[in-house]
Structures are given as structure tokens and as C-alpha cells.
Amino acid sequence: MFKNYDPGRVAVSFKGIQIRGIAKGTFVTAERAEDAFSTDVGSAGDVTRVRSRNRTGTVTLTLQAASPTNDQLSAVALLDEKFGLSYGPLLIEDLNGTTLAHGADAWIKKLPSVQMADEASDREWVFEVAELELNAGGSLI
């Protein structure tokens, strides 16, 4: 089996802002906050599977320090700190295939740490998502 993957065909947006200046390496991580199921084992060894209704999640985006998107996301985060109203849709879509992560209500958890060095550094933006929908798909091309 032969498939292609092009990281330039991963589309990311938050509140209508197209994310640009993606960093080298791992630039998107999306995961749910809890396991879908846990187990409860009684003293006699009886097992009960317990479904978690927690569908919250975290998405981490890594951008180059020089990305103009850092300014846009900083403005959104600062407005949210001030007024508490800067949440909205977050979408990560792999246009190479079927992988998709999205949520209607996402917000920036906090401003990223800032590092200055003799080399360009990255900025890690962490988003919380009220109901993170995930499809860990494969490649179509």
C-alpha cells in the first residue's frame, strides 16, 4: 500500500482565523480529557465498565515565533481575559484524508510562554474544547 501525506494540506482555523506559520515537527495535538470508559472492580472481582460523558478535550497548536497568527491569537486571548466572550469554533482538518478534530466552543487556555534565543523559537497555543469531536482517520491519497 502506498499513500501520500502533505503537512501543508492540514487546515486549521479558530473563530474564522486561518492558522498560518505552522512550526516544524509536531504542530497539532488533539486529545480528549478522559478515557471513554473506566472500570470498577469489586472485591469479588466483578467488573463494571463505566462510560465517561466527559467529551471535553485539549488541542495544542505549535506556531513559529514569527507567525502573524500569534498576534491574532494574542488579541483573542486578551479580549477573553477582559470580557470572557472570546470563544468559538476550532477546526483541524487533514485534507489528505479523513482525520478531523473540531468543536463549536473552544477557547485559548492561556497565553503561550515566550522564549527569546539566538534561534527562532516556537509558540505553543493550548485550546480547551467543550465538546471535542475526533476522527483519527487515514489517508485518501
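All of the points below concern the structure found in this document. (Residues numbered from 1 in each chain as written. Predicted model: local features only at pLDDT ≥ 70, side-chain atom pairs only at ≥ 80, totals over all residues. Heavy atoms only, no water.)

**Remarks on the side chain of Asp80**
- Here Asp80 lies in helix H1 (residues 69-83).
- The side chain of Asp80 sits in the buried core without any salt bridge; Lys15 is the nearest counter-charge, 7.9 Å away.
- One polar contact links the side chain of Asp80 to the main-chain amide nitrogen of Leu85, over a distance of 3.2 Å.
- Discounting residues that sit within four places of it in the chain, Asp80 has contacts with Leu85, Ser86 and Trp107. (Helix = DSSP H or I, 4+ residues; strand = E, 2+ residues; numbered from the N terminus. Buried < 20%, exposed > 50% of the residue type's maximum accessible area, 1.4 Å probe, protein only. Lys, Arg positive; Asp, Glu negative; His and termini not counted. Salt bridge = Lys/Arg side-chain N within 4 Å of Asp/Glu carboxyl O. Polar contact = N/O pair within 3.5 Å; in protein donor to acceptor, adjacent residues only side chain to side chain. Contact = heavy atoms within 4.5 Å.)

**Some remarks on the pairing of strand S8 (residues 100-110)**
- Of the pairings in the sheet, the one linking strand S7 (residues 88-94) to S8 comprises five bridges and is antiparallel in character. Looking at S8, one finds that Ile92 is bridged to Ala101.
- In textbook terms, the turn of a hairpin is the stretch between consecutive antiparallel strands, and for S7 and S8 this stretch comprises five residues.
- Of the strand pairs in this sheet, S8 and strand S9 (residues 122-129) are connected by four bridges, and their pairing is antiparallel. When the sheet's bridge partners are listed, Ala106 is paired in S9 with Val129. (Pairing = 2+ DSSP bridges.)

**A closer look at a nonpolar patch on the surface**
- A cluster of nonpolar residues, Leu79, Phe83, Leu85, Tyr87 and Trp107, forms a patch on the protein surface that exposes about 540 Å² of accessible area.
- Within the element layout of this structure, Trp107 appears in strand S8.
- The class for Trp107 is partly exposed, based on a relative accessible area of 31%. (Patch = residues over 30% accessible without salt bridge, like charges linked within 9 Å, V, L, I, M, F, W, Y side chains within 5 Å. Areas by Shrake-Rupley, 256 points an atom, 1.4 Å probe, with all protein chains shown as cover.)

**A closer look at the nonpolar core**
- Phe14, Val59, Leu73, Leu90, Ile108 and Phe127 are the most contacted members of the largest nonpolar core, which totals 21 residues.
- Counting only elements with at least two residues in this core, the list comes to strand S1 (10-14), strand S6 (57-64), H1, S7, S8 and S9.
- Once residues lying within four places of it in the same chain are set aside, the contact partners of Leu90 are Ser13, Phe14, Val59, Ala101, His102, Gly103, Ala106, Phe127 and Val129. (Core = buried A, V, L, I, M, F, W, Y, C linked by side-chain atoms within 4.5 Å.)

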